[in-house]
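Descriptive analysis of the structure
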Amino acid sequence: MAQAGGPPRPGAAPGQPCVFKLVLLGSGSVGKSSLALRYVKNDFKSILPTVGCAFFTKVVDLGSASLKLEIWDTAGQEKYHSVCHLYFRGANAALLVYDVTRKDSFLKAQQWLKDLEEEFRLGDVVLMLVGNKLDLGEERKVTFEDGREFAESKRLLFMETSAKLNHQVTEAFSAIAQELSQRREEEGQPQQGGAQLDLNQRPSGQARCCAR
Ligand SMILES: Nc1nc2c(ncn2[C@@H]2O[C@H](COP(=O)(O)OP(=O)(O)OP(=O)(O)O)[C@@H](O)[C@H]2O)c(=O)[nH]1
């Protein structure tokens, strides 16, 4: 099980990409691990339910800059719910994942948003609602409009994906990375680490540049 506080964070050399923490949240079996696996390794296979949290990293090349995503894949089973709260501390972004064939998972994603509201000022975190298992369209219980309307009402990014068919998976993570990068630029922060880094200043919701 990954540690809630994250891996050790040695000081890194200037010129390294900024590091952003992204958490995957949602009910059990909605496809969080499959989305992470598809994105990081372009693979799809049978996966055991996550215990606690799994951890992936991916460097994203945005052309003008690159950034490193630390992807925290939390366990969706209800018995791990309270533990998951430990993992989203310090997150810069969250994917709220539901299964388009399961209404309960859509409602659970909404509940996760409420939990996040208690932990963060929502504007400080990039949030995306993701309806996964789009390939099971005939069994769909949550319409595209349901998802889009809820996302719009809460000012979330929104996408429907299929980890199985590799549909919109890279696009979803890339959209998050773009938004993180854009916000960073708007804050006037460098995209690469360097002299402006203040290692003592690490408020929640801010990217950590070269501090890892
Ligand atoms: N048809 C279809 N099945 C999927 C898709 N994504 C995941 N699955 C399947 O759904 C099941 C659960 O996937 P996981 O990725 O383990 O789901 P999870 O949300 O990480 O589950 P927990 O670890 O319990 O939180 C597995 O059998 C996957 O193969 C998809 O896009 N389409």
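In the annotation of an unreviewed UniProt entry, the chain is listed under the name Ras-related protein Rab-17 and assigned to Catagonus wagneri. Here the chain is described in UniProt, under the heading Sequence similarities (unreviewed entry), as follows: "Belongs to the small GTPase superfamily. Rab family." Listed under Cofactor (unreviewed entry) in UniProt, the entry text for the chain is "Mg(2+)".

1. A word on the nonpolar core
Residues Leu 22, Ala 94, Leu 96, Val 97 and Met 128 are the most contacted members of the largest nonpolar core, which totals 52 residues. Counting residues per element, this core draws most heavily on strand 1 (residues 18-26), at seven residues. Sequence-distant contacts of Leu 96, defined by excluding residues within four places in its chain, comprise Leu 25, Gly 26, Ala 109, Trp 112, Leu 113, Leu 127, Leu 129 and Val 130.

2. Here's the deal with the confidence of the model for the chain
Where the model shows low pLDDT, its predicted coordinates should not be examined in detail. Predicted confidence across the chain gives a mean pLDDT of 83, with 82% of residues reaching 70 or more. A low-confidence stretch, residues 1-13 stays under pLDDT 50, and its non-local contacts, those more than four residues away or across chains, total 16 contacts. Segment residues 193-207 is flagged for pLDDT under 50; beyond a separation of four residues in sequence, or across chains, it makes 29 contacts in the model. Here the prediction assigns the complex a pTM of 0.85, and the interface score ipTM is 0.99.

3. Quick look at unusual backbone geometry
Positive phi, close to 70°, is recorded for Lys 133, a residue that is not glycine. Summarising the element assignment, Lys 133 is placed in the loop between strand 5 (126-132) and helix 4 (144-153). Since 25 C-beta atoms lie within 10 Å of it, Lys 133 is described here as buried. At Asn 166, a position not held by glycine, the phi torsion is positive, near 55°. Inspection of the secondary structure assignment puts Asn 166 in the loop between strand 6 (157-160) and helix 5 (169-186).

4. Thoughts on the pairing of strand 3 (residues 66-74)
Most of strand 3 sits out of view: eight of its nine residues are buried. Both strand 1 and strand 3 contribute to a ladder of seven bridges, which runs parallel. By the bridge assignment for strand 3, Lys 21 is matched with Glu 70. In this structure, strand 2 (residues 53-61) lies alongside strand 3, joined through nine bridges in antiparallel fashion. For Phe 55, the partnering residue across the bridge sits in strand 3 and is Trp 72. Hairpin remark: strand 2 followed by strand 3, antiparallel, with four residues in the connecting loop; positive phi at Gly 63, about 90°.

5. Quick look at the pairing of strand 1
Regular strands show a simple pattern: their side chains alternate between the two faces of the sheet. Counting buried positions along strand 1 yields nine of nine residues, so the element is predominantly enclosed. Burial along strand 1 is two-sided: the residues Cys 18, Phe 20, Leu 22, Leu 24 and Gly 26 and Val 19, Lys 21, Val 23 and Leu 25 are all buried.

6. Structural notes on the site of the ligand
Taken together, 22 residues surround the ligand, and among them Gly 31, Ser 33, Ser 34, Thr 50 and Gly 76 come closest. Take the shell around the ligand: its biggest share by element is three residues, from helix 1 (residues 32-41). Of the residues in the shell around the ligand, the class split is six nonpolar, twelve polar and four charged.

7. Description of helix 3 (residues 103-119)
At 3.6 residues per turn, the α-helix brings residues three or four places apart onto the same side. For helix 3, with 17 residues, the first-to-last C-alpha span of 25 Å sits near the 24 Å given by 1.5 Å per residue. Those residues of helix 3 that fall on the buried side of the exposure criterion are Ser 105, Phe 106, Lys 108, Ala 109 and Trp 112. Buried residues in helix 3, looked at end-on, bunch into an arc of 155°, giving them a common side. Of the exposed residues in helix 3, those oriented more than 90 degrees away from the buried face are Asp 104, Lys 114, Glu 117 and Glu 118. Buried residues along helix 3 sit in contact with strand 1, strand 4 (93-99), strand 5 and helix 4.

Basis of the calculations
- Residues numbered from 1 in each chain as written.
- Predicted model: local features only at pLDDT ≥ 70, side-chain atom pairs only at ≥ 80, totals over all residues.
- UniProt positions renumbered as here; feature names shortened; annotations may be inferred.
- Core = buried A, V, L, I, M, F, W, Y, C linked by C-beta atoms within 7 Å.
- Buried ≥ 20, exposed ≤ 12 C-beta atoms within 10 Å, placed from the backbone.
- Helix = DSSP H or I, 4+ residues; strand = E, 2+ residues; numbered from the N terminus.
- Contact = placed C-beta atoms within 7 Å.
- pLDDT = per-residue confidence, 0-100.
- Pairing = 2+ DSSP bridges.
- Near = placed C-beta within 6 Å.
- Nonpolar A, V, L, I, M, F, W, Y, C, P; charged D, E, K, R; others polar.
- Expected span 1.5 Å × (residues − 1).
- Arc of directions from axis to C-beta.

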